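Listed below are the residues making up each chain.
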Amino acid sequence: MDSLAGDTGPGAVEPMPGYLDLITKASTVIMGAWRDCATCGLELSKRTLLDNAYITMTEIALFFFCAYLWTQIRWRLTESLFKPLARWWRLMPKDAAKMPESAWKLVFYTMSWSYSTYLLFFTSYSFFHDPPSVFYNWKSGMSVPTDIAIAYLIQGSFYGHSIYATIYMDAWRKDSAVMVVHHIITLALICFSFAFRYHNVGILVLFLHDINDIQLEFTKLNVYLKSRGGGYYLLNDVLSNMGSVSFSITWFWFRLYWFPLKVLYATCVSSIRSVPTIPFYFFFNALLFSLLLMNIYWFLFIVIFVVKVLKVKEVNDVREYEEEEDNKAAAGLLGQSGAANKDDGAGHHVAAQGKHVQNGITKDKHL
């Protein structure tokens, strides 16, 4: 493994690898670590866990308290702000039911990603520009800087809340079961990385993932807002399309390009270089690779979404279950419109001047 190291210690920034470097070097290092792990087993895992995991009862109590607090904050915001806004905007019932969920997530992820951005780009931390540095000077039981500990408490408690929220509060979708698994894996990564003092790489992982959630919820809110109060709002339609394009691009760039080449390369290759006996090497990398597989799984939804937009020029969440009643109602309205409406070639129909027919429903047209 020494032949792979080169001059990559503190002070020397290693160029970001390519996909081929990740595959070849990571597989070489992982296989070498597996061969060297002759004594690996349940007993060694127990001993390593007891020797290297540091977490206090106060921190555990804070986690549960904040998870409960997020649930209460979401409920109060939903009842006092989001639902009244949905009524004021006169959203369609189906959209009004889903709008509070998107509004809540947009508020949280904007806050959390802004804080991660502050830590990575406006402090002395160099983890984004020099990912291998996340393991420099690592020591078992080392203290966690207060600013990073705050980020961990916010994110960990939120994902604890999100497991409950996905099952009992959110609209159920085709990928909701996968979402629950995602939240469990993310929470495991947050808790174990904090206990084992891998908090530096954890901040980088959170930064690379939260931005897509901001764009997703922003796009969904504009989808709900473009058809409201019997009218069609062009501005929200344009914003939803811009959001969907931005979301698709940044999903690939942040989660399928930067995440494997910055994070996985650092955890698979650079970690062994800096800490040859780094604890739970296989466990953490298995969780991170599971996260990558889920990112690829959701990217398939994005591809379907893009194809759908290109074909019908209509932005909708492809993870939603189809509603047979809505389809029948739309079909009936389309049949009634007959020759009175002309097809504009984009999945919409143009009726009288100043009107917009979308999905078979005539709406007043607004800017």
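The rules behind these values
- Residues numbered from 1 in each chain as written.
- Predicted model: local features only at pLDDT ≥ 70, side-chain atom pairs only at ≥ 80, totals over all residues.
- Heavy atoms only, no water.
- Helix = DSSP H or I, 4+ residues; strand = E, 2+ residues; numbered from the N terminus.
- Buried < 20%, exposed > 50% of the residue type's maximum accessible area, 1.4 Å probe, protein only.
- Polar contact = N/O pair within 3.5 Å; in protein donor to acceptor, adjacent residues only side chain to side chain.
- Expected span 1.5 Å × (residues − 1).
- Bend = angle between axes of the 7 residues up to and from the residue.
- Contact = heavy atoms within 4.5 Å.
- Salt bridge = Lys/Arg side-chain N within 4 Å of Asp/Glu carboxyl O.
- UniProt positions renumbered as here; feature names shortened; annotations may be inferred.
- Phe/Tyr/Trp six-rings, centres within 6.5 Å; stacked < 30°, edge-to-face > 60°.
- Lys NZ or Arg CZ within 6 Å of the ring centre and 35° of its normal.
- Axes fitted to C-alpha atoms, helices over the stretch in contact; angles between N-to-C directions.
- Parallel < 35°, antiparallel > 145°, perpendicular 65-115°, else oblique.
- Left-handed = near helix turned anticlockwise from the far one by under 90°.
- Nonpolar A, V, L, I, M, F, W, Y, C, P; charged D, E, K, R; others polar.

Section: the environment of threonine 110
At step 1: Within the secondary structure, threonine 110 is located in helix α5 (residues 93–121).
At step 2: Given the relative accessible area of 33%, threonine 110 is considered partly exposed.
At step 3: A C-alpha to C-alpha distance of 8.0 Å links threonine 110 and aspartate 210, two positions 100 residues apart in sequence.

A look at the side chain of glutamine 215
At step 1: On the secondary structure map, glutamine 215 appears in helix α8 (residues 199–225).
At step 2: With a relative accessible area of 13%, glutamine 215 lands in the buried category.
At step 3: In terms of polar contacts, glutamine 215 uses its side chain to reach the side chain of serine 246, at 2.5 Å.

Re helix α4 (residues 57–88)
At step 1: Compared with an ideal rise of 1.5 Å per residue, which puts 32 residues at 46 Å, α4 spans 45 Å between its outermost C-alpha atoms and is within 8% of the ideal.
At step 2: Remark: the principal bend of α4, roughly 50 degrees, maps to threonine 78.
At step 3: Turning to α4, its buried residues number three or more, namely Phe63, Cys66, Ala67, Trp70, Thr71, Arg74, Thr78, Phe82 and Ala86.
At step 4: Summarising the contacts, the buried residues of α4 are in contact with α5, α6 (146–168) and α7 (176–195).
At step 5: Count one or two residues on from α4 and you reach arginine 90, which has phi positive near 55 degrees.

As for the pattern of salt bridges
At step 1: Considering all chains together, one arrives at eight salt bridges under this definition.
At step 2: Here glutamate 14 ties to arginine 273 by a salt bridge, and the two come within 3.2 Å at their closest N and O atoms. Here arginine 273 lies in helix α9 (residues 234–274) and glutamate 14 lies in the loop between α1 (2–5) and α2 (19–36), a separation of 259 residues in the sequence.
At step 3: Residue glutamate 14 is classed as buried on the basis of its relative accessible area of 15%.

Brief notes about the UniProt feature "transmembrane region" (unreviewed entry) in the protein
At step 1: Those places that UniProt annotates as "transmembrane region" (unreviewed entry) correspond, in this numbering, to residues 53–71, 106–128, 148–168, 180–198, 238–256 and 288–310.
At step 2: The span residues 53–71 carries 79% helix and 0% strand; its end-to-end C-alpha distance comes to 28 Å.
At step 3: In residues 180–198, the share of helix is 84% and the share of strand is 0%. The end C-alpha atoms are 24 Å apart.

Remarks on the packing of aromatic side chains
At step 1: All told, the structure shown has 40 aromatic pairs when counted by the stated rule.
At step 2: With centroids separated by 3.6 Å and ring planes inclined at 5 degrees, the aromatic side chains of phenylalanine 108 and phenylalanine 158 adopt a geometry described as stacked. Of this pair, phenylalanine 108 sits in helix α5 while phenylalanine 158 sits in helix α6, and the two are 50 residues apart along the sequence. For the pair phenylalanine 108 and phenylalanine 158, one class covers both residues: buried.
At step 3: In this arrangement the basic side chain of arginine 228 is found over the ring face of tyrosine 233, its NZ or CZ atom lying 3.8 Å from the centre.
At step 4: Directly above the ring of phenylalanine 128 sits lysine 262, whose terminal nitrogen or CZ lies 4.2 Å from the centroid.

Some words on the packing of α5 against α6
At step 1: Closest axis-to-axis distance for the α5/α6 pair is 11 Å, and the angle between their directions is 155 degrees. Comparing their axes, α6 and α5 come out roughly antiparallel. Between α5 and α6 the crossing geometry is left-handed. Every residue of α6 that contacts α5 at Trp104, Phe108, Tyr109, Met111, Ser112, Tyr115, Ser116 and Leu119 is listed here: Asp147, Ile150, Ala151, Ile154, Gln155, Phe158, Tyr159 and His161.
At step 2: Broken down by class, the residue content of the contact of α5 with α6 amounts to 11 nonpolar, four polar and one charged.

A word on α5
At step 1: Taking 1.5 Å per residue as the helical rise, α5 with its 29 residues ought to reach 42 Å, and the 42 Å between its terminal C-alpha atoms agrees with that figure.
At step 2: A maximum bend of about 30 degrees is found in α5 at methionine 99, where proline proline 100 lies one to four positions downstream.

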